[in-house]
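Each chain, written out:
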Amino acid sequence: MFIRKVGILIKKRQLEAFPIIKKIIERMGKEKLEIYLDHESAKYFKLGAGYPLKEVAAIGDILIVFGGDGTLLSAARLINKKQTPILGINLGVLGFLTEFNLEDIYKIIEDILKGDFQTEKRMRLEAEVIRRDKKIAEFQVLNDVVFNKGALARIFELET
């Protein structure tokens, strides 16, 4: 797989990782890769105006997600039906889906730049919310679906 465009999503409260992420962005820039960041991150790294999150997730040949499993699951929802590979870099303590740690990132990026990596296909679920015979929402998700309406439990019908 040939990589030219890289989307990067970053969990905002992980400021301690930003210096490392900056070095990664600079390294990819030396290889003339196009980097896509959300508005807030682009402003922080002084890389233009940035893009809406949905565009960042969908535009790249690969999406690099810095955060935890929750951030990765949010990214998977954002890419929707596109088959963009996601690289999860765990910034927390425990990550089942974010397979790599920040310490591994330099080697991983070098491997990606050389095209020395493999992707693993994951099954996704399609979820629809239907109310009074009308579809009011549709999602494609990676791991699970949560139905929640505040703290009060409600009864609902579920078909799988």
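As the structure is a prediction and not an experimental result, all values here were calculated from the model.

The rules behind these values
Residues numbered from 1 in each chain as written. Predicted model: local features only at pLDDT ≥ 70, side-chain atom pairs only at ≥ 80, totals over all residues. Heavy atoms only, no water. Helix = DSSP H or I, 4+ residues; strand = E, 2+ residues; numbered from the N terminus. Buried < 20%, exposed > 50% of the residue type's maximum accessible area, 1.4 Å probe, protein only. Pairing = 2+ DSSP bridges. Contact = heavy atoms within 4.5 Å. Axes fitted to C-alpha atoms, helices over the stretch in contact; angles between N-to-C directions. Right-handed = clockwise from strand over helix to strand, strands pointing away. Salt bridge = Lys/Arg side-chain N within 4 Å of Asp/Glu carboxyl O. Parallel < 35°, antiparallel > 145°, perpendicular 65-115°, else oblique. Left-handed = near helix turned anticlockwise from the far one by under 90°. Nonpolar A, V, L, I, M, F, W, Y, C, P; charged D, E, K, R; others polar. Patch = residues over 30% accessible without salt bridge, like charges linked within 9 Å, V, L, I, M, F, W, Y side chains within 5 Å. Areas by Shrake-Rupley, 256 points an atom, 1.4 Å probe, with all protein chains shown as cover.

Caption draft 1: Representation of the overall build of the chain in the model. Helices and strands together make up the secondary structure of the chain, namely 5 helices and 7 strands. The order of helices and strands in the chain, counted from the N terminus, is β-α-β-α-α-β-α-β-β-α-β-β. Over its C-alpha atoms, taken along the principal directions, the chain stretches across nearly 55 × 30 × 30 Å. Split into buried and exposed, the 160 residues of the chain put 36% on the buried side.

Caption draft 2: Here's a closer look at the sheet that holds strand β5 (residues 100-101). Read from one edge of the open sheet, 5 strands run β2-β1-β3-β4-β5, paired in parallel fashion. A strand with exactly one partner marks an edge of an open sheet, and here the two such strands are β2 (34-37) and β5. Packing against the sheet, helix α1 (residues 18-30) makes contact with β1 (5-10), β2 and β3 (62-67), and its axis sits at approximately 175° to β1. Each of β1, β3 and β4 (86-90) is contacted by helix α4 (residues 69-79), which is oriented at about 150° to β3, the strand it contacts most.

Caption draft 3: Geometry of the pairing of β2. Note: β1 against β2, 4 bridges, orientation parallel. Looking across to β2, one finds that Lys-5 is bridged to Glu-34. The β-α-β motif built from β1, the intervening α1 and the parallel element β2 has right-handed crossover chirality.

Caption draft 4: Molecular detail of the pattern of salt bridges. Taken as a whole, this structure holds 9 salt bridges when the rule is applied. Between Asp-38 and Lys-12 there is a salt bridge, with the nearest N and O atoms lying 2.9 Å from each other. Highlighted residues: Asp-38 in the loop between β2 and α2 (39-44) and Lys-12 in the loop between β1 and α1, separated in sequence by 26 residues. Here Asp-38 falls in the buried class, since its relative accessible area comes to 5%. We note a salt bridge from Glu-110 to Arg-27, for which the minimum N-O separation is 2.6 Å.

Caption draft 5: Focus on the packing of α1 against helix α5 (residues 105-114). Across the interface, α1 lies against α5 with an axial gap of 11 Å and an inter-helix angle of 20°. In this view, α1 runs roughly parallel relative to α5, as classed from their interaxial angle. Between α1 and α5 lies a crossing of right-handed hand. Contacts from Ile-20, Lys-23, Ile-24, Arg-27 and Met-28 in α1 reach Ile-105, Tyr-106, Ile-109, Glu-110 and Leu-113 in α5. When its residues are assigned to classes, the contact of α1 with α5 shows 7 nonpolar, no polar and 3 charged.

Caption draft 6: Looking closely at a nonpolar patch on the surface. A surface patch of nonpolar side chains, about 490 Å² in accessible area, is lined by Met-123, Leu-125, Val-145, Phe-147 and Leu-158. You can see Leu-158 is positioned in the segment after β7 (134-141). On the accessibility criterion, Leu-158 (55% relative accessible area) is exposed.

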